Amino acid sequence: MKAPRPRMDVNLEELDQIIDGGMRAPLSESDGEKLKAVIHILAERVKPRWRTTEKTSAVLPQPPGSEPAAEKAQPEGERQPAGHGRNGAARFTSARIVRVQHKTLHPGDICPECGVGKVYRQKEPKTLVRIIGRPPLVATRYEMERLRCNGCGEVFTADEPAEAGAEKYDETAAAMIAQLRYGSGVPFKRLERLEGNLGIPLPAATQWGVAEKAALGLRPVYDEYIRQAALGEVMHNDDTGMRILKLAREPADSRTGIFTSGIVSLGPGWKIALYFSGAKHAGENLAELLKQRPPGLAPLIQMCDALSWNTSHLPEGVERLLAHCMSHGRRQFVEVAENFPEECRYVLETLGGIWHHDALAREQRLSPDERLCFHQEHSSPLMKTLHDWMEAQLAERKTEPNSGLGKAIRYMLRHWLPLTLFLREPGAPIDNNLVERILKKAILHRRNSLFYKTLNGARVGDLFMTLIHTCELNGANPFDYLTELLRHSAELKERPSEWMPWNYRATLARLVTPSAA
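Asks: Help me get a handle on helix H12 (residues 404-414), residues and values and all.
Replies: Residues Leu405, Gly406, Ala408, Ile409, Tyr411 and Met412 constitute the buried set of H12. Its buried side turned inward, H12 meets helix H8 (326-334), helix H9 (341-363), helix H11 (380-395) and helix H13 (416-419).

Structure, rendered in structure tokens:
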């Protein structure tokens, strides 16, 4: 990397004198350095900046005469977008609740202000949120008193308290280690340093031992995830690169790639996220998963990008409707927008209408059939117009087929049927963003920890990422969920289907009150 140039104070008059002098005689070394520094500073300021988003407004400049988005008046009565302002007290769902009674008044007492009416409890109390800090893992040291007889030498020790438990690391410790490591991407060594600074030694090897032991007890529920995911109606799949240092391959396997595949299965009222790390790519892992799919089910909808390794041959008896990701097709135009601004603006704005209609369908909570009718009414004309425009670009020689724009158009036309499945099948998604988001957990792990050492370590990571992110998809608290699974490992082995993120609370309630079952 080049060292930064030293700061120089140069005014315009001095620059003019340097340039005028250079027109009459060779530049001196000091004047040449000043002029070169100014040119480099100007070049840095005018070069294009890296985009952090692929929104049309960021990809292409606003057309002349258009009003900037920030200056557009907000319609009266329109809601402010979510995510602005403070978090209300109701958002702190895991907070400990302390109910504070009024010191002098009780429901039914005479009002001290008017002396006539009676006071009654309001439905909504006044709330106050206070947050404290503590280490991720907290240790308690029990000191049992010991008494020794000065005659016979016998030592009498106090009994261990029941709340101490039998294990040094209880279920909450295992759940927190797993949440930090595989849910938040905190490497074991980093957590070791943090806890050590807070006075609680927690070696990385110990953390791994706790996580590995917990994973063995959670294996039945992970297998149940796979079984239920095979029953899904819509499946998203994709993969990202991963490193496993010690990975044994089949002798006939000449491939060198290592992946973490992500699969999201959608069923009636639930979502399951699965992770598989190893030499197999996303299509192979999906085909392996679908071996557990019972025959006779309706054809599943598979959403992926157009790479061939995402669509391996499926087991016999499994039918598939293939949908391709519109975001990948859109990205072809984003990458060449700088060279073909007008043509790409037309494509991006047309496709923007499709996502707008899909967002409206979600806001209105339309059923799959209603959503299909909505898209056929509003999105189908847009897609037909876009298809005709792209064909005309090539047929009428308006676009060179081998140019960047031509390649983007040919990609869309070549995959048009799977790209537009949402216009023909109820429930077909538009893009593969759902699985792209879950793969960010694997990418976070790769960036922080760089690799898995063994395939066993990768499988432990896959298990915890599967449980944690499936909780997030279904609105469950991952820490509470892992803790309850570890506390009820015996019941879990008997009926794993009752310990899913969307039904485990009901199972816990039945265990507390067996008569209600």
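Asks: Before we move on, can you summarise the nonpolar core with the specific residues and values?
Replies: Leu218, Val221, Leu274, Leu289, Phe333, Met412 and Phe464 are the most contacted members of the largest nonpolar core, which totals 98 residues. Here this core gets 11 residues from one element, more than from any other, and that element is helix H6 (residues 204-229). Non-local contacts of Val221, meaning those with residues more than four positions away in its chain, are made with Leu467, Tyr481, Leu485, Leu492, Pro496, Trp499 and Met500.

Asks: Could you give me a rundown of a nonpolar patch on the surface, with the residues and numbers involved?
Replies: Among the surface-exposed residues, Phe92, Val129 and Ile131 lie close enough to one another that they form a single nonpolar patch of about 270 Å² accessible area. Examined against the element boundaries, Val129 turns out to sit in the loop between helix H3 (56-59) and strand S1 (146-148). Under the relative-accessibility criterion, Val129 is labelled partly exposed at 34%.

Asks: Describe the packing of aromatic side chains, and please don't skip the residues or the numbers.
Replies: By the definition in use, this model includes 6 aromatic pairs. With 5.8 Å between their ring centres and 55° between their planes, Phe259 and Trp309 make a pair best called tilted. Here the residue Phe259 occupies a position in strand S5 (residues 259-267), and Trp309 occupies one in the loop between strand S7 (300-304) and strand S8 (320-324), the gap between them amounting to 50 residues. Phe259 sits in the buried class, given a relative accessible area of 15%. For Trp309, a relative accessible area of 36% corresponds to the partly exposed category. Geometrically, the ring pair formed by Trp270 and Trp502 is stacked, given 5.9 Å between the ring centres and 15° between the ring planes. Highlighted residues: Trp270 in strand S6 (residues 270-278) and Trp502 in the loop between helix H17 (489-494) and helix H18 (504-512), separated in sequence by 232 residues.

Thresholds, definitions, all that
- Residues numbered from 1 in each chain as written.
- Predicted model: local features only at pLDDT ≥ 70, side-chain atom pairs only at ≥ 80, totals over all residues.
- Heavy atoms only, no water.
- Buried < 20%, exposed > 50% of the residue type's maximum accessible area, 1.4 Å probe, protein only.
- Helix = DSSP H or I, 4+ residues; strand = E, 2+ residues; numbered from the N terminus.
- Contact = heavy atoms within 4.5 Å.
- Core = buried A, V, L, I, M, F, W, Y, C linked by side-chain atoms within 4.5 Å.
- Patch = residues over 30% accessible without salt bridge, like charges linked within 9 Å, V, L, I, M, F, W, Y side chains within 5 Å.
- Areas by Shrake-Rupley, 256 points an atom, 1.4 Å probe, with all protein chains shown as cover.
- Salt bridge = Lys/Arg side-chain N within 4 Å of Asp/Glu carboxyl O.
- Phe/Tyr/Trp six-rings, centres within 6.5 Å; stacked < 30°, edge-to-face > 60°.

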